[in-house]
Structure formats: C-alpha cells, structure tokens
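# Residue-level structure breakdown
So you can see what is in the structure, the chains are spelled out below.
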Amino acid sequence: MIALALVLAYVAGSFPTAYLVGRVNGVDLRTVGSGNLGATNVQRTLGWRWGLLVYVVDFLKGWLPTLLLPGVFGLADGWPWGVAIGVAAIAGHVKPIFLMGKGGGKGVATASGVFMALAPTATLGAIVAFIVIVAVTRYVSLGSLVAALCLALILLFQAKTVTPLVAVGFVIAAFVFWTHRENVKRLMRGEERRIGRASTPNGAM
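Residues numbered from 1 in each chain as written. Predicted model: local features only at pLDDT ≥ 70, side-chain atom pairs only at ≥ 80, totals over all residues. Heavy atoms only, no water.

### A few points about the environment of Ile127
- Mapped onto the elements, Ile127 comes out in helix α7 (residues 120–137).
- Accessibility expressed as a relative area gives 24% for Ile127, which makes it partly exposed.
- Along the sequence, Ile127 and Ala147 sit 20 residues apart, while their C-alpha atoms lie 6.4 Å from each other. (Helix = DSSP H or I, 4+ residues; strand = E, 2+ residues; numbered from the N terminus. Buried < 20%, exposed > 50% of the residue type's maximum accessible area, 1.4 Å probe, protein only.)

Structure follows, in structure tokens:
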C-alpha cells in the first residue's frame, strides 16, 4: 500500500502546471527567463495572475496527497508515512515524470503545501516570513530561503527537541538552499533581479 501511495504522490507532484500554463500562452517556459517551471518564472514572463495560479496548483500538489493519501491507504499521518508521501510529491515537482524528469520547479510551492498538511501553524509562520521579506526586498528567492529556514526553526521551537519532523524540516530547508544556489550567488554579488522587473535567470519556485 505504501508503494502505491508514494507513486500516486509522485505522479500528483509531477503535474506540469507551469509548463501547461506556458503552452496555453504559446510559450515554452523552459526556454524563457530562468527556464524554471515554477511560479516565479511564470509571474515574470506571463504576469502575476498566471503566477498565482501556478503557485496555488503547485501548493495543492503537495497539500492534497500529504493530507489525504495516508487516510485512504490506512497509513499513519505525519511521521513516517505522511512525510514520505510529501517528499514523493516534492520529488515529482522537481523531477516530473510527465516531462521525462526534466524541467521541474525548485520545490518551494509544493513543499509549502506538504508542510501545511504536516504542520500548519509552522507553515503559516513561514508564509508570513516569505511575504514580509518579498514585500521589503522584492527578492522572491530571498523570501523562499528565509521561509524555508523559518519553517525549520519554528518546528524546532514548537517541539523543543529534534524530532523526525524537525529533522525533515531542516533537510527540506537545505534542499531549498541547494536548488537556489545560483540565486544565492547572485544575491551575494548584488545581481539578483527584484520582482516586477524583466525576466532573467533567477526563478525561485
């Protein structure tokens, strides 16, 4: 049963939201801007309405499998099966089977959906941090990095110790930093583009 649940979560995460939105608008987003199939590149290329749509769908790709599949298959919520299902959904978003494992997003939107199902209070805190950082700096990538770190720290603060979920939170934060490593370099050089400017290679989601 767990194998089927993981496959279903991976397939759900693989739904190529940004790719399909780009095609509807006559654009292959893999060849425009950052080349990243995430909400930030969509927003920069096609506008905030399309970017918001992609974020919401990508969020649901993580939230719904993590929330529903454990119950459907009689598995435990949270650790370990809920977490495993969530990770499978994130993997699908980053390496989507429908695009032959190429051209996925960076995992932020789907991961936020996963953790909304696993730890809603901590996730809401991370989302607030993201909104504040982006509003102040207009760097979506910086907001994503801060939100990922805040999520892990809030989980640690709530648990008072390093539980398996806290450990996963820090692993996901490290993964987000890894997928944003080029953004980090540009931020350090002062070359990262701010939201609202023309599309360049720095999509964050």
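### Let's talk about a nonpolar patch on the surface
- A surface patch of nonpolar side chains, amounting to about 720 Å² of accessible area, comprises Trp48, Leu52, Val56, Leu60, Leu64, Leu67, Leu68 and Val72.
- Following the sequence through the fold, Trp48 ends up in helix α4 (residues 48–72). (Patch = residues over 30% accessible without salt bridge, like charges linked within 9 Å, V, L, I, M, F, W, Y side chains within 5 Å. Areas by Shrake-Rupley, 256 points an atom, 1.4 Å probe, with all protein chains shown as cover. Salt bridge = Lys/Arg side-chain N within 4 Å of Asp/Glu carboxyl O.)

### With respect to the packing of helix α5 (residues 81–94) against helix α6 (residues 108–118)
- Packing of α5 against α6 leaves a shortest axis separation of 9 Å and a crossing angle of 165°. As summarised for this structure, α5 and α6 are arranged roughly antiparallel, according to the angle between their axes. When you trace α5 past α6, the crossing you get is right-handed. Contacts between α5 and α6 involve Gly82, Val83, Gly86, Ala89, Ile90 and His93 from the former and Thr110, Ala111, Val114 and Leu118 from the latter. (Axes fitted to C-alpha atoms, helices over the stretch in contact; angles between N-to-C directions. Parallel < 35°, antiparallel > 145°, perpendicular 65-115°, else oblique. Left-handed = near helix turned anticlockwise from the far one by under 90°. Contact = heavy atoms within 4.5 Å.)

### Topic: the packing of aromatic side chains
- Going through the model one piece at a time under the given rule, you end up with three aromatic pairs.
- By way of ring pairs, the aromatic residues Tyr55, Phe59 and Trp63 are connected into one cluster.
- We note Lys160 situated over the ring of Phe157; from NZ or CZ to the ring centre the distance is 4.1 Å. (Phe/Tyr/Trp six-rings, centres within 6.5 Å; stacked < 30°, edge-to-face > 60°. Lys NZ or Arg CZ within 6 Å of the ring centre and 35° of its normal.)

### Some details on the packing of α4 against α5
- Direction vectors running N to C along α4 and α5 enclose 155°, while the axes themselves pass 9 Å from each other. By the criterion of interaxial angle, the relationship of α4 to α5 is roughly antiparallel. Along this stretch, α4 crosses α5, giving a crossing that reads as right-handed. Listed contacts from α5 to Asp58, Lys61, Gly62, Pro65, Thr66, Leu69 and Pro70 of α4 are Gly82, Ile85, Gly86, Ala89 and His93.
- Tallied by class, residues from the contact of α4 with α5 come to five nonpolar, five polar and two charged. (Nonpolar A, V, L, I, M, F, W, Y, C, P; charged D, E, K, R; others polar.)

### Quick look at the environment of Ala167
- For Ala167, the position within the fold is in helix α9 (residues 164–179).
- Taking relative accessible area as the criterion, Ala167 reaches 32% and is therefore assigned partly exposed.
- Through-space distance from the C-alpha of Ala167 to that of Ala152 is 8.0 Å; in sequence the pair is 15 residues apart.

### Some words on helix α8 (residues 140–159)
- A rise of 1.5 Å per residue sets the reference length of α8, with its 20 residues, at 28 Å; its end C-alpha atoms lie 29 Å apart and thus fit the reference within 8%.
- Within α8, burial applies to Val140, Ser141, Gly143, Ser144, Leu145, Ala147, Ala148, Leu151, Ala152 and Leu155.
- Just downstream of α8 lies Lys160, where phi reads positive at about 70°. (Expected span 1.5 Å × (residues − 1).)

### Here we look at unusual backbone geometry
- For the bond from Trp79 to Pro80, the omega torsion is 0°, close enough to zero to count as cis.
- Along the chain, Pro80 turns up in the loop between α4 and α5.
- One non-glycine residue, Arg138, lies in the positive phi region at around 65°.

### Structural notes on the nonpolar core
- Judged by nonpolar contacts, the single largest core of 25 residues is most densely connected at Ile90, Phe115, Leu151, Leu155, Ile172 and Val176.
- Mapped by element, the contributors of at least two residues to this core are α5, α6, α7, α8 and α9.
- It is α8 that provides the largest number of residues to this core, a total of seven residues.
- Val27, Ala39, Val42 and Leu99 belong to the second-largest nonpolar core, a separate cluster that totals 10 residues. (Core = buried A, V, L, I, M, F, W, Y, C linked by side-chain atoms within 4.5 Å.)

### Side note on the side chain of Ser112
- By the element assignment, Ser112 lies in helix α6.
- Owing to a relative accessible area of 12%, Ser112 belongs among the buried residues under this scheme.
- From its side chain, Ser112 meets the backbone oxygen of Ala109 in a polar contact 2.6 Å long.
- Aside from chain neighbours lying at most four places away, what touches Ser112 is Tyr55, Phe59 and Thr123. (Polar contact = N/O pair within 3.5 Å; in protein donor to acceptor, adjacent residues only side chain to side chain.)

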